[in-house]
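Observations on the model geometry
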Amino acid sequence: MKLFTKAVLTLSLATSLSLVNVCAFAAEEAPVAAAQSGAAGIIAHIEKALVEVSKSDFSAAQIHLKAARTSSEAIAGNSEAAKKAHASLMQGQIQSKAGNVAKATEELTKTIELYKAL
């Protein structure tokens with residue numbers, strides 16, 4: 001019986017430590033996401049999405065494009081150029097969802113140039 005209770009206590013301790021580790025990791029990611037909210041963060045996400053699109057990994061590309069689009073929405077109202085870049089980003093995301101590698105790559109490359117001009 002003592003062996004059984006020790007095993008149960010060890011497993012529960014291991015489980016609780018793994019949950020604490022996951023919570024600590026999630027808490028560390030939040031400041032990183034906030035720091036990459038500017039145009040440089042948007043460009044970084046689009047470049048990562050371009051790499052994923054070229055590998056035809058559209059689900060991973062969508063994650064980066066959603067992050068870029070969320071950041072882009074915060075600055076889209078500032079100028080006409082920002083609105084144009086945001087619209088181009090949305091078109092790139094649509095082409096990526098459709099699985100069109102060539103058009104998605106073209107549109108996302110255009111989007112990067114527009115954000116670099118900001």
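Conventions and cut-offs
- Residues numbered from 1 in each chain as written.
- Predicted model: local features only at pLDDT ≥ 70, side-chain atom pairs only at ≥ 80, totals over all residues.
- Heavy atoms only, no water.
- Helix = DSSP H or I, 4+ residues; strand = E, 2+ residues; numbered from the N terminus.
- Contact = heavy atoms within 4.5 Å.
- Areas by Shrake-Rupley, 256 points an atom, 1.4 Å probe, with all protein chains shown as cover.
- Salt bridge = Lys/Arg side-chain N within 4 Å of Asp/Glu carboxyl O.
- Buried < 20%, exposed > 50% of the residue type's maximum accessible area, 1.4 Å probe, protein only.
- Core = buried A, V, L, I, M, F, W, Y, C linked by side-chain atoms within 4.5 Å.
- Polar contact = N/O pair within 3.5 Å; in protein donor to acceptor, adjacent residues only side chain to side chain.
- Expected span 1.5 Å × (residues − 1).
- Arc of directions from axis to C-beta.

Observations regarding the overall build of the protein
Assigned secondary structure in the protein consists of 5 helices and 0 strands. For the protein, the succession of helices and strands along the chain, N to C, is α-α-α-α-α. Sequence-distant contacts in the protein: of pairs separated by 6 or more residues, those separated by 24 or more amount to 58%. Of the roughly 7600 Å² of accessible surface on the protein, a fraction of 65% belongs to carbon and sulfur atoms.

Here we look at the pattern of salt bridges
Close approach of charged atoms allows side chains of opposite charge to pair. Per the stated rule, a full pass over the model turns up 3 salt bridges. The closest approach of N and O atoms between Lys55 and Glu52, which form a salt bridge, is 3.8 Å. Of the residues examined, Lys55 reaches a relative accessible area of 55% and is grouped as exposed. Salt-bridge contacts for Arg69 lead to Glu73; the nearest nitrogen and oxygen are separated by 3.8 Å. Note that Arg69 and Glu73 are positioned in helix α3 (residues 58–75) at a spacing of 4 residues, about one turn of the helix.

Structural notes on the nonpolar core
Core analysis: the biggest nonpolar cluster contains 15 residues, and Ile46, Leu89, Leu108 and Tyr115 have the highest contact counts within it. Taken together, the elements giving at least two residues each to this core come down to α2 (39–54), α3, α4 (80–98) and α5 (101–117). The element best represented in this core is α2, accounting for 6 residues. With near-sequence residues (within four places) excluded, Tyr115 lies in contact with Ala39, Ile42, Ile43, Ile46, Ser72, Ile75, Ala82, Ala85 and His86.

Points about unusual backbone geometry
A positive phi angle, near 60 degrees, is found at Ser56, a position not held by glycine. Structurally, Ser56 is set in the loop between α2 and α3. Judged by its relative accessible area of 44%, Ser56 falls in the partly exposed class.

Some words on the side chain of Glu107
For Glu107, the position within the fold is in helix α5. Assessed through its relative accessible area of 17%, Glu107 is described here as buried. When near neighbours in sequence (up to four residues on either side) are disregarded, Glu107 contacts Ser88, Gln91 and Gly92.

Quick look at the side chain of Gln93
For Gln93, the position within the fold is in helix α4. For Gln93, a relative accessible area of 5% corresponds to the buried category. There is a polar contact of 3.0 Å between the side chain of Gln93 and the side chain of Arg69. Those residues in contact with Gln93 that sit more than four places away from it in its chain are Gln62, Leu65, Lys66 and Arg69.

As for α5
Here α5 contains 17 residues, and its C-alpha end-to-end distance of 24 Å stays within 8% of the 24 Å for a straight helix at 1.5 Å per residue. Looking only at α5, the buried set comprises Ala104, Glu107, Leu108, Thr111, Ile112 and Tyr115. Looking down the long axis of α5, one finds its buried residues gathered within 145 degrees of arc, a one-sided arrangement. Exposed residues lying more than 90 degrees from the buried face of α5 are Ala102, Glu106, Lys116 and Ala117. Where α5 is buried, its residues contact α2, α3 and α4.

Geometric descriptors of this kind do not, in isolation, establish any biological role.
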